[in-house]
Amino acid sequence: MTNTTFPQQRPFLVIGATGKTGGRVVDRLERSGLPVRRASRTSTTHFDWTDRSTWKPALEGAGAVYITYQPDLIAPTATDDLTAFVAAAGDAGVDRLVLLSGRGEPEALACEQIVLTGGIPATVLRCSWFAQNFSEAFLVDGIRGGELVLPVGSVGEPFLDADDIADAAVEALTGTGHTGRVYELTGPRLLSFADATAEIGEVLGRDIAFVTVPAADYRAALLAEGIGQEFTEMVMTLLRTSLDGRNEFLTDGVREILGREPNDFSDVAKRAALQGVW
């Protein structure tokens, strides 16, 4: 790890600046006094993965780019979009790319290679499930309601603090020695979803049930909520592939890039509880 600031005054472009990791990356860069360009569908710098006409204005004059792909790298459009985006970044003179990727996803591996071999110095952050999915994403309502329902069994997952991802992203964007590296980031412990739910319940001082349901029932419930066929199938694919045991191991990725241990799931739960999320 190095604390050497990347020698550039051009802005750091953050794609997905309103997301769980993008917002944290923006905050850290701005606190360090570095120039930041926030890019999303709702930011002043408008960026939309489905509208390539928004890419060139966002990239113009940028020095380094943090890339998050919406909706997910498993989407069938991801490889074509990433190929075109890396080419556009090269045309714009971008010096560095950092890609947020996911563990155990074959489609994500293909996207990683596109970024790493695109002719621009690049780093990949391959991440396990975010701990913040319980407090800032689709699992929050179940926790609030006292019952979390998922088509997931006892598989262990090393839930990762989004703050660790943001710290790693800033280091990759501003430090040296990260070109061509793939950092696989995990939390420090394997927890089943039932374990994680129980730990949140302990923090809150109340019981929260975890219920495992068949995948077909969960799919039907998502469709009944009006989420839509395409997004439902993407969610089901993520649950099926990333939680089938292939990621049931820990890595030293956080220590490799940051020189410290990853934050524990219980710490994330305590912070969220203090903030009144649940």
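Please refer to the structure higher up on the page.
These figures come from a predicted structure and were not determined experimentally.

## Focus on the pairing of strand E6 (residues 122–127)
Piece 1. Of all the six residues making up E6, six are buried; the element is thus mostly covered by neighbouring parts of the structure.
Piece 2. Along E6, one buried face is formed by Ala122, Val124 and Arg126 and the opposite face, lined by Thr123, Leu125 and Cys127, is buried too.
Piece 3. Where strand E5 (residues 96–102) lies against E6, six bridges are found, and the strand directions are parallel. Counted as the bridge partner of Leu99 is Val124 from E6.
Piece 4. Note on the crossover from E5 through helix H4 (residues 106–116) to E6: the handedness is right-handed.
Piece 5. Judged from the four bridges that link them, E6 and strand E8 (residues 182–185) form a sheet pairing that is parallel. When the sheet's bridge partners are listed, Leu125 is paired in E8 with Tyr183.

## So, the sheet that holds E6
Piece 1. Here we have seven strands laid out as an open sheet, ordered E3-E2-E1-E4-E5-E6-E8, and parallel in their pairing. Every other strand in the sheet has two partners, leaving strand E3 (45–46) and E8 as the edge strands with one partner each.
Piece 2. Across the sheet, helix H6 (residues 162–174) lies against strand E1 (12–15), strand E4 (64–67), E5, E6 and E8, angled at about 155° from E5, the strand it touches most.

## Brief notes about the packing of helix H8 (residues 215–224) against helix H9 (residues 229–242)
Piece 1. Running from N to C, H8 and H9 point in directions that differ by 150°, and their axes come no closer than 10 Å. Compared by their axis directions, H8 and H9 come out roughly antiparallel. Considering the relative orientation of H8 and H9, their crossing is right-handed. Contact residues: H8 offers Ala215, Tyr218, Arg219, Leu222 and Leu223, while H9 offers Gln229, Thr232, Glu233, Val235, Met236 and Leu239.
Piece 2. By residue class, the composition of the contact of H8 with H9 is seven nonpolar, two polar and two charged.

## As for the packing of helix H3 (residues 78–92) against H4
Piece 1. Here H3 crosses H4 at 10°, and the two axes come no closer than 9 Å. The angle between H3 and H4 places the two elements in the roughly parallel class. Listed contacts from H4 to Ala78, Thr79, Leu82, Thr83 and Val86 of H3 are Ala110, Cys111, Ile114 and Val115.
Piece 2. Residue composition of the contact of H3 with H4, by class: seven nonpolar, two polar and no charged.

What counts and what doesn't
Residues numbered from 1 in each chain as written. Predicted model: local features only at pLDDT ≥ 70, side-chain atom pairs only at ≥ 80, totals over all residues. Heavy atoms only, no water. Buried < 20%, exposed > 50% of the residue type's maximum accessible area, 1.4 Å probe, protein only. Helix = DSSP H or I, 4+ residues; strand = E, 2+ residues; numbered from the N terminus. Pairing = 2+ DSSP bridges. Right-handed = clockwise from strand over helix to strand, strands pointing away. Contact = heavy atoms within 4.5 Å. Axes fitted to C-alpha atoms, helices over the stretch in contact; angles between N-to-C directions. Parallel < 35°, antiparallel > 145°, perpendicular 65-115°, else oblique. Left-handed = near helix turned anticlockwise from the far one by under 90°. Nonpolar A, V, L, I, M, F, W, Y, C, P; charged D, E, K, R; others polar.

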